[in-house]
Each structure stands twice: as structure tokens, then as C-alpha cells.
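Okay, here's what each chain looks like letter by letter:
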Amino acid sequence: MKLKLLAALTSGLLATSAFAQTVVQDLDGYNRTTVYANGAVDRIVTDSLSARSYEAWIYFRESGSECTTGTIFDEVTGQTYGSVQFGTAGPGAARVDTVHFNGGFSDEQVKRNRVLALNCQNIEGEQFKVYHKFSALPVITWDTSLAGVGEYKMPDCTGASSHCGGRGWYEQVSYTSSLHIDNKNEDTYCTATMNDGFTSRVFNGYDSTPLFHTNHYGLENAVYDYSGPAFRQVVTCHSPVGQIQRTQVWVVSGENDINLEVDYTVYK
């Protein structure tokens, strides 16, 4: 009787072990792609169109594998943001699925590192808990100054002119920018634009960057031929988890009266 009982217990343990869930961690950090050495999933690639939602591609190691449920949670606090939905990658893509989260991340949540956790299985029925980390949006720290170059000019009120008075201008301005960007991952690039017809040079003299993680960019007393009342610069960083856009507008109100009147950030 004892031998029969022992055999039954051993058989039950083996059956339980066969379907025990194996944990597969993300060892690649917060970059766009996580590659796994074992399990049902070969890799997961973050590819979000908006900072408020989440999208990714799931590449399976073999046909017949699938992920059935999943959640997104805060890496530090463990707070669960919600469940994800799954879709197909289209006809003929038997080993690729998509995963979506449309819960609407808040301004605070897009600033935090998060984790995608999926429950998956292969064609043999082996169970896996698969984790994929994705980063917060980039952080842009930006200090700038603007000064007029040369004479401050006013409209000519002599003769029959009917357009005298109003705001004056400088024909040139001198712009200094100190820009520090932490992208949180290695798969983000940044671009900059300014007033129509002008090229920004905030990235050490250029208007865009290659992919980078963290860097500082300086521009010292760059002279622009610009006589308008408002000097506008926009920096946008394009991350796998969405975009962050920082806008600054300097306004020339009078002689030696130039002020930063607009400075705001948008998550897109």
C-alpha cells in the first residue's frame, strides 16, 4: 500500500512539474528589443505609436506557441496599470503576434519605467511567465538665453508713412542653449525645429541626432539673422514608447527686453 501511495504521489508531482510556469526575465534592460534564450517567446519588440498607450510585437520561437493573458505594471511600486489585449500580425505571420494596451497612461505614469508581463505557452503545453521592460519617456533639461545683436530698430515715422510706431526689432539675435537629454534607452533619437525658414542648431550645431542614451549638447552665442518678435525652438525626442516635445518661445518686447514667455512639454 505504501509503495502504491508513493508511486501515485510521484506521478502527481511529475505531472505538476511538467506544467509548472517557468519565469523568463528581461536581461536586456529598457531597449526596444528583448531577446530570450529560452521559452516560447524568442523576442519582444516595443513599437508604440503614442505615449499614452503601448504596442509591441511578440516573436515566437516556433509555430503553435501563444500568449493568452498579460498585464503592465510599474517596475518600482508594482502597481498594475491594466491588462493587455492580443492580435495577429496579419496573414502568413504564424509566429508573430501583437500586444496592445489602451488604458491611457497619465502624465506621471509615462515618466516611470514599466514592465510587460505575459503568460505564454509553447506547442508542447509548457507554461512561461515572460517579462519585457520598457522605459519612461526621455527627460529634457534645457537652459537657454537670447540677446539682440547690434542696433535695436524702430519703424521709420518720417514722411507720409502710416505704419510707424509699434514694436521694434533686431536684425540679428545671439542664442545660447545648454541641452541635457536622458532618453532612458539606447533606441531614441531627437530632432529640433525653429521658426519657419530657419534651421535649428541646438545639437552641437545640428538639427538632429543619431540614436543615443544620454548626452549633453551645447550651442554658444549662435547668431541668427532674425528680425521677428518671437524666436521659437522645439525639441522632440522619438522613443519606442512615444514622443516628448519641449517648446520654448523667446519674445522681443523692446530694446534689451527679451524674455522667455513660453516653455512647456507635451507627451505624444
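Because the structure is a prediction, the values reported are computed rather than measured.

**Observations concerning the sheet that holds strand β4 (residues 54-60)**
Sheet architecture is open: 5 strands sit in the order β2-β3-β4-β8-β7, paired in antiparallel fashion. Each edge of the open sheet carries a strand with a single partner, namely β2 (33-35) and β7 (85-88). On average, adjacent strands in this sheet sit at an angle of 20° to one another, irrespective of strand direction. Looking at chain direction, β2 and strand β3 (residues 41-46) are connected through 3 bridges and run antiparallel. Across the sheet, residue Val35 finds its bridge partner in β3, namely Arg43.

**Considering the pattern of salt bridges**
The full count for this structure, using the stated rule, is 10 salt bridges. Of the charged contacts, one joins Arg43 and Asp42 as a salt bridge, the two residues approaching to 3.1 Å between their closest N and O atoms. Arg246 is paired through a salt bridge with Asp263; the nearest N and O atoms lie 2.7 Å apart. Residue Arg246 is located in strand β16 (residues 242-254), and its partner Asp263 is located in strand β17 (residues 257-267); the two are separated by 17 residues in the primary sequence. A relative accessible area of 11% places Arg246 in the buried class. On the basis of relative accessibility, which here comes to 38%, the residue Asp263 falls in the partly exposed class. Salt bridges sharing partners connect three or more residues here, namely Asp42, Arg43 and Arg61.

**Structural notes on the environment of Tyr81**
Counting through the fold element by element, Tyr81 comes out in strand β6 (residues 80-83). When neighbours within four sequence positions are excluded, Tyr81 is seen to be in contact with Ile72, Phe73, Asp74, Phe101, Phe105, Gln109, Arg112 and Arg114. Looking at Tyr81, its side chain comes within polar contact range of the side chain of Asp74, at 2.9 Å.

**Thoughts on the packing of aromatic side chains**
As enumerated under the stated definition, the model contains 12 aromatic pairs in all. Taking the centre distance of 5.0 Å and the plane angle of 40° together, the rings of Phe101 and Phe105 count as tilted. Here the two residues Phe101 and Phe105 agree in accessibility, since each one is buried. Residues Phe198 and Tyr226 carry aromatic rings whose centres are separated by 5.4 Å and whose planes lie at 80° to one another, so their mutual orientation is edge-to-face. Taken together, the positions of Phe198 in the loop between β13 (189-194) and β14 (214-224) and Tyr226 in the loop between β14 and β15 (230-239) put the pair 28 residues apart, joining distant regions of the chain. Of the residues examined, Phe198 reaches a relative accessible area of 30% and is grouped as partly exposed. Clustering of aromatic rings is evident, with ring pairs tying together Tyr175, Phe198, Tyr224, Tyr226 and Phe231.

**Brief notes about the environment of Gly205**
Relative to the helices and strands, Gly205 resides in the loop between β13 and β14. Here Gly205 falls in the partly exposed class, since its relative accessible area comes to 33%. Along the backbone, Gly205 and Ala222 are 17 residues apart, and their C-alpha atoms lie at a distance of 8.9 Å.

**Structural notes on the pairing of β16**
Burial within β16 is extensive, with 11 of its 13 residues counted as buried. Strand direction decides the pairing type here: β15 and β16, joined by 10 bridges, are antiparallel. Paired with Arg232 across the strands is Val249, a residue of β16. Linkage of β15 to β16, two consecutive antiparallel strands, is achieved through a turn of 2 residues. Relative to β17, β16 runs antiparallel, the two sharing 10 bridges. Each residue of the ladder has a partner; that of Trp250, found in β17, is Leu260.

**Section: the pairing of strand β10 (residues 127-134)**
Alignment of strand β1 (residues 21-24) against β10, held across 4 bridges, turns out to be parallel. Of the residues in β10, the one forming a bridge with Gln21 is Gln127. Note that strand β9 (residues 114-121) and β10 share 8 bridges and pair antiparallel. The residue of β10 that forms the bridge with Val115 is Lys133. Hairpin geometry of β9 and β10 is characterised by an intervening segment of 5 residues between the two adjacent antiparallel strands and by a positive phi of about 90° at Gly125.

Thresholds applied
- Residues numbered from 1 in each chain as written.
- Predicted model: local features only at pLDDT ≥ 70, side-chain atom pairs only at ≥ 80, totals over all residues.
- Heavy atoms only, no water.
- Pairing = 2+ DSSP bridges.
- Helix = DSSP H or I, 4+ residues; strand = E, 2+ residues; numbered from the N terminus.
- Axes fitted to C-alpha atoms, helices over the stretch in contact; angles between N-to-C directions.
- Salt bridge = Lys/Arg side-chain N within 4 Å of Asp/Glu carboxyl O.
- Buried < 20%, exposed > 50% of the residue type's maximum accessible area, 1.4 Å probe, protein only.
- Contact = heavy atoms within 4.5 Å.
- Polar contact = N/O pair within 3.5 Å; in protein donor to acceptor, adjacent residues only side chain to side chain.
- Phe/Tyr/Trp six-rings, centres within 6.5 Å; stacked < 30°, edge-to-face > 60°.

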